[in-house]
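# Survey of secondary and tertiary structure
Spelled out, the chains give:
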Amino acid sequence: GSPAPEAAPQGGTQVYSGFGGEVEVIDLLVKVGDKVTRGTIIASVEAMKAQHDIKAPCDGAITSVDVRIGDEIESSQPIMIIS
């Protein structure tokens, strides 16, 4: 195929915890290269002393995992990217 234009954005959908403030990442259920469908549980965080599942917002493949288990993250920090 022909090469992609250089100006093409990286693209992908960033996945966030969805909770205001800091949460702790307690489980990552996917790795780079895994294919996911919308609604699949891809990670878990602890917020307000309870475990909350994070679901894929779209279909695609995991292209980046940006946190590790045990990380404290802000709601503005992406957990992973699905493309």
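Structural notes, computed from the coordinates. Computed from a predicted model, the values in this text were never measured in an experiment.

## Let's talk about a negative patch on the surface
Taken together, the side chains of Glu-22, Glu-46, Glu-72 and Glu-74 present a region of like negative charge at the surface. Following the sequence through the fold, Glu-22 ends up in the loop between β1 (13-15) and β2 (23-28).

## Describing the nonpolar core
Core analysis: the largest hydrophobic core is formed by 19 residues, its most contacted members being Leu-28, Val-36, Ile-42, Ile-54, Ile-79, Met-80 and Ile-82. For this core, the secondary-structure elements that each account for two or more residues are β2, β4 (41-47) and β8 (80-82). The element best represented in this core is β4, accounting for four residues.

What counts, and where the lines are drawn
Residues numbered from 1 in each chain as written. Predicted model: local features only at pLDDT ≥ 70, side-chain atom pairs only at ≥ 80, totals over all residues. Heavy atoms only, no water. Patch = residues over 30% accessible without salt bridge, like charges linked within 9 Å, V, L, I, M, F, W, Y side chains within 5 Å. Areas by Shrake-Rupley, 256 points an atom, 1.4 Å probe, with all protein chains shown as cover. Salt bridge = Lys/Arg side-chain N within 4 Å of Asp/Glu carboxyl O. Lys, Arg positive; Asp, Glu negative; His and termini not counted. Charge placed at Lys NZ, Arg CZ, Asp CG, Glu CD. Helix = DSSP H or I, 4+ residues; strand = E, 2+ residues; numbered from the N terminus. Core = buried A, V, L, I, M, F, W, Y, C linked by side-chain atoms within 4.5 Å. Buried < 20%, exposed > 50% of the residue type's maximum accessible area, 1.4 Å probe, protein only.

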